[in-house]
Amino acid sequence: MHAARRRAVWWLGASQCVYWGLLYYGFPVLLLPMQAGLGLHRTAVAGAFSFGLLLAALSAPRIGRWLDAGHAAAVFRAGAALAVAGLASLAMARGAFGLVLGWSLVGLAMAGLLYEAAFALVGRAFDDAGERLRALAAVTVSGGLASTVFLPLLAWVVDTVGWRGALLLFAASVVAMAVLLERQVLPVLSRPIALPKEAPAGVAHRKVPLAARVVFPLATFAAAGLTTLLVPLLVQRGQAPVAAASALAGFGLAQLPGRLWLLGGRRRVSVALLVWWPLVLQSAGLLVVAMSGGLVAAALGVGVFGLGAGLHTLARPWLLQGLAGPALAGRWNGEVARVQGIARAVGPVLVVAASATLGMPAVLVIVALVLLASVPAARSLASGARRP
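Caption draft 1: Examining the overall build of the protein more closely. When its secondary structure is counted, the protein shows 18 helices and 0 strands. Relative to its length of 388 residues, the protein is compact, with a C-alpha radius of gyration of 20 Å against a globular reference of 21 Å. Dimensions of the protein, computed from the C-alpha atoms along their principal axes, are close to 60 × 45 × 35 Å. Buried positions account for 52% of the 388 residues belonging to the protein. A total accessible area of about 15700 Å² is found for the protein, and carbon and sulfur atoms account for 68% of it. Here the protein carries 30 positive and 9 negative side-chain charges, and the mean point of each set is 5 Å from the other.

Caption draft 2: Fine view of helix 10 (residues 210–236). Relative to the 39 Å expected for 27 residues at 1.5 Å per residue, helix 10 spans 38 Å between its end C-alpha atoms, a close match to the ideal helical length. Along its length, helix 10 reaches its greatest deviation from straightness, about 35 degrees, at Leu229, and the proline Pro232 lies no more than four positions downstream.

Caption draft 3: Structural view of the environment of Ala377. Position of Ala377 among the secondary structure elements: in helix 18 (residues 375–382). As for Ala377 and Val215, which are separated by 162 residues in sequence, their C-alpha atoms are 7.1 Å apart. If near-sequence neighbours (up to four positions away) are discounted, Ala377 is found in contact with Ala211 and Val215.

Caption draft 4: Molecular detail of the packing of aromatic side chains. With the rule as written, the count across this model stands at 10 aromatic pairs. Between Tyr24 and Tyr25 the ring centres are 5.1 Å apart and the planes differ by 85 degrees, which places this aromatic pair in the edge-to-face class. A relative accessible area of 24% places Tyr25 in the partly exposed class. Ring geometry for Trp276 against Trp277: centres 5.2 Å apart, planes inclined by 20 degrees, an arrangement best described as stacked. What makes Trp277 partly exposed here is its relative accessible area of 43%.

About the thresholds
- Residues numbered from 1 in each chain as written.
- Predicted model: local features only at pLDDT ≥ 70, side-chain atom pairs only at ≥ 80, totals over all residues.
- Heavy atoms only, no water.
- Helix = DSSP H or I, 4+ residues; strand = E, 2+ residues; numbered from the N terminus.
- Rg over C-alpha atoms; globule rule 2.2 N^0.38 Å.
- Buried < 20%, exposed > 50% of the residue type's maximum accessible area, 1.4 Å probe, protein only.
- Areas by Shrake-Rupley, 256 points an atom, 1.4 Å probe, with all protein chains shown as cover.
- Lys, Arg positive; Asp, Glu negative; His and termini not counted.
- Charge placed at Lys NZ, Arg CZ, Asp CG, Glu CD.
- Expected span 1.5 Å × (residues − 1).
- Bend = angle between axes of the 7 residues up to and from the residue.
- Contact = heavy atoms within 4.5 Å.
- Phe/Tyr/Trp six-rings, centres within 6.5 Å; stacked < 30°, edge-to-face > 60°.

Okay, structure coming up:
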């Protein structure tokens, strides 16, 4: 990998860490202070955030088409502007309307700043599949640290300057990162790509395989279910809330080993490793958590699930580009991201509602079995991709 592009990839990864940390992981830290400060019900505050996530999901295919057309730089600039406007709106909110407006703008910003846009940028910059996979690993290694780095940092900021002041600091940080991207990343990695001359007629109208629309959203739904139910499940089993939260905090770190292994420069990687073995690992992790009686076993289950989730995050951009080619990768990633975004938004509500009737362990077992049932579909996808 050329030195300039290597530096650009790592700076892009740093931006993912910052953007995920501020725009996505900032919400759980802001939830209670916003509820108290605005005098709204917690459901209303959470609903405004979920609405922003739905907007991000619904706009993903359109943004993917813009990325395919070579407008990555414009997408990142617009995303940063929307993020600043949304965070400022939240800082000035006085009621439900301001909350919905702010999170709507932030949701649209997430669609233009987070992994989908970053993956499209990397996909255009690296023609070699092996280099592209390592670049994706580098970006997700940095992005995967967002929760570990930012959750405690943002909690301290909110406690120090209040939630309104914290949101203004978030906006200033987005501006600083946008300037860094303009100088270090976009000039190096942003380049237009045209349909190859040998592409058959009608290639632009090829549709995303149904299996991709099922497999990746199911994995996202499973992650939402685990992160939603783990702490209340462990507290129900007699663990202290702090200890239960510590077990969940290991989820982000558990995603790193597989990504670091791929980053190490392996020239040939099994397609199965990236596409369907992670589903097996995530299923196993859910079953361990569901059947565990103690904190250590639950933490082990979270670690196994996180290892699979870390590999699966890389699978989608690499696999879809291998199946669709670089000219359609943005659109295909956007269409799958739309379904994943909906799964991320509705997953917590559905698993909580189901657990009220079935119990939390039963819900986790059901989700694990559904993931296992999707393995044949994942294998069919893997059979159409080239090995990097």
